[in-house]
Amino acid sequence: MPGESDIAFMTQALRLAENGRYTAHPNPVVGCVIVSDGKVVGEGWHQSTGAAHAEINALNSAGDKARGATVFVTLEPCSHHGKTPPCCEALIDAGIAEVVIGMQDPNPDVDGKGLKVLKAAGIPVRTGVLDEQVRLQLAGFISRVTAGRPFVTLKMACSIDGRIAMASGESQWITGPEARADVQRLRARSGAILSGIGTVLADDPSFNVRDPDIDTLGRQPLRAVLDAQLRMPLSAEMLGLPGQTVVYCIDDNKQQALTDEGAEIVKVGGEAGQVNAQAVLEDLARREINNVLVEAGPVLAGHLLTNNLVDELVIYQAPHIMGSETMGMFETPAWTALSHRRLLEITDTRPVGPDTRITARFAG
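Student: Please explain the sheet that holds strand S5 (residues 125–127) as it appears in this structure.
Tutor: Sheets are built from strands paired through backbone hydrogen bonds, the pairs being either parallel or antiparallel. The strand order across the open sheet built from 5 strands is S2-S1-S3-S4-S5, with neighbouring strands paired in mixed fashion. Each of the sheet's edge strands pairs with one partner strand only, and the pair in question is strand S2 (39–45) and S5. Looking at each pair of strands side by side, their axes are set apart by 15° on average, direction ignored. As judged from the 5 bridges shared by strand S3 (residues 70–75) and strand S4 (residues 98–103), these two strands associate in the parallel manner. Paired with leucine 75 across the bridge in S4 is methionine 103. Packing of helix H1 (residues 4–17) onto the sheet brings it into contact with strand S1 (31–36), S2, S3, S4 and S5, and relative to S1 it is tilted by some 140°.

Student: Which parts of the structure should I look at to understand the pairing of strand S18 (residues 355–362)?
Tutor: Moving residue by residue along a regular strand, the side chains alternate between the two faces of the sheet. For S18, the buried fraction is high: 6 of the 8 residues fall into the buried class. Connecting strand S17 (residues 344–352) to the antiparallel partner S18 that follows it, the hairpin turn spans 2 residues, and glycine 353 within it adopts a positive phi of roughly 65°.

Student: Would you mind showing me how to read the packing of aromatic side chains here?
Tutor: Two numbers describe a pair of aromatic rings. These are the distance of the centres and the angle of the planes. Enumeration according to the criterion identifies 1 aromatic pair in this entry. Measuring from centroid to centroid gives 5.2 Å for phenylalanine 9 and phenylalanine 72, while their planes differ by 45°, and the two rings are tilted. A residue pair is termed long-range when its members are at least 10 positions apart, and phenylalanine 9 in helix H1 and phenylalanine 72 in strand S3 qualify at 63 residues. With respect to burial, phenylalanine 9 and phenylalanine 72 carry one shared label: buried.

Student: Quick question: what am I supposed to make of the environment of proline 221 here?
Tutor: Along the chain, the position of proline 221 falls in the loop between helix H8 (197–203) and strand S9 (222–226). Taking the relative accessible area as the measure of exposure, proline 221 reaches 1% and is therefore buried. Counting along the chain gives 50 residues from proline 221 to serine 171, while the straight-line C-alpha distance between them is 24 Å. What proline 221 contacts, discounting residues up to four positions off in sequence, is Arg187, Ser190, Gly191, Ala192, Ile193, Phe207, Val209 and Gln244.

Student: When you look at the nonpolar core in this model, what are you seeing that I'm missing?
Tutor: In summary, soluble globular proteins display a tendency toward joint burial of nonpolar side chains. Among the nonpolar cores identified, the biggest contains 42 residues, and Ile34, Val71, Ile96 and Val99 are the most heavily contacted of them. Looking at this core, the elements with two or more residues in it are H1, S1, helix H2 (54–62), S3, helix H3 (87–93), S4, helix H4 (113–120) and helix H6 (139–147). With 6 residues, the single largest contributor to this core is H1. Setting aside residues up to four positions removed in sequence, valine 99 forms contacts with Val71, Val73, Leu91, Leu118, Ile123, Pro124, Val125 and Arg126. Within the second largest apolar cluster, 36 residues are counted, among which are Leu226, Val275, Val292 and Phe362.

Student: Explain the pattern of salt bridges here, please?
Tutor: Opposite charge on two side chains permits them to pair, given that their charged atoms come into close proximity. Under the defined criterion, the tally for this structure stands at 15 salt bridges. Between glutamate 312 and arginine 361 there is a salt bridge, and its shortest N-O distance comes to 3.4 Å. Placement of glutamate 312 in strand S15 (residues 312–318) and of arginine 361 in strand S18 is noted, with a sequence separation of 49 residues between them. In the salt-bridge network here, residues are joined through shared partners; they are Asp182, Arg185, Asp348, Arg350 and Arg357.

Student: Can you help me understand the sheet that holds S9 in this one?
Tutor: The 9 strands lie next to each other as S11-S10-S9-S8-S14-S6-S15-S18-S17, forming an open sheet whose pairing is mixed. Lying at the two open borders of the sheet, with one neighbouring strand each, are strand S11 (264–267) and S17. Here the strands of the sheet are splayed against their neighbours by 20° on average, with no regard to which way each runs. Note: strand S6 (residues 151–159) against strand S14 (residues 291–295), 5 bridges, orientation parallel.

Each value, and the rule that gives it
- Residues numbered from 1 in each chain as written.
- Predicted model: local features only at pLDDT ≥ 70, side-chain atom pairs only at ≥ 80, totals over all residues.
- Heavy atoms only, no water.
- Pairing = 2+ DSSP bridges.
- Helix = DSSP H or I, 4+ residues; strand = E, 2+ residues; numbered from the N terminus.
- Axes fitted to C-alpha atoms, helices over the stretch in contact; angles between N-to-C directions.
- Contact = heavy atoms within 4.5 Å.
- Buried < 20%, exposed > 50% of the residue type's maximum accessible area, 1.4 Å probe, protein only.
- Phe/Tyr/Trp six-rings, centres within 6.5 Å; stacked < 30°, edge-to-face > 60°.
- Core = buried A, V, L, I, M, F, W, Y, C linked by side-chain atoms within 4.5 Å.
- Salt bridge = Lys/Arg side-chain N within 4 Å of Asp/Glu carboxyl O.

Shown next, in the form of structure tokens:
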């Protein structure tokens, strides 16, 4: 069992890792703390792909104090040459006495190789300190490299009676400005925003990060639209914005005009007029997308839920009642009995302005 000091230093490493939440994509967020005689002498985190890893930044921070010290790092150090040199070699060269790791890296390029290199150099290694917390922090990266698809978060805004729009389609604005600002942070931490053509036609959304206080180092999430028959208007707002728009379709006969406007068209399978969402997520994983935020209407949201393609729900609930002449959050026509319901585990509930943000994952 890890001691109190182990937990405290790994907790600090976890906090440091969060500094890269908006910028490290597609790499995992990683934090590192270097401790000598019970005191932190160096710390670092991974900021962006191609930049120094957390361990290197921590070593640079510690300088000569790293010799004989203990390293606490949330994820197993790499031992291969990628866009940066191996972190294991740097730790060995710095004279580190011990390495404490949150979790072993599931990436096949690493996956225990770093542990072996460190141990072969005579450096004691301990693993599994706050493993569960690290797994939660790296859920998207883990899903991509082990399951072959990103971690999917479905975001919805609704009234307290669970309605997302009036029957006419009117929906702006159900929640307040604080909730909308919070969604900007959800977007910034996501590699892609996924939606359907119905939402594009109804709202002409941008699906970009617009908050000037959120520094993404210029990165915008990829915009992925499920559009079976390529009905996206050439005047769609997102086509004229920085960043990449990928349109997934079943029939690509109309692709040239959209391609000329800068969209990438990808033809995938489908049935009953719906694009194969599983194939879309697999393609996004191949593009090194770790986390997908779904901002969609009840049809696509229900389709993803029915096909068990949602990992997490984030619901912004406003304190008002919209009544009966409205739209619900999910269309799930196959759910006809109480036994079809999906049980949830609420992981977080907090006020966001006058609204309430509820975060939940599926139980069992």
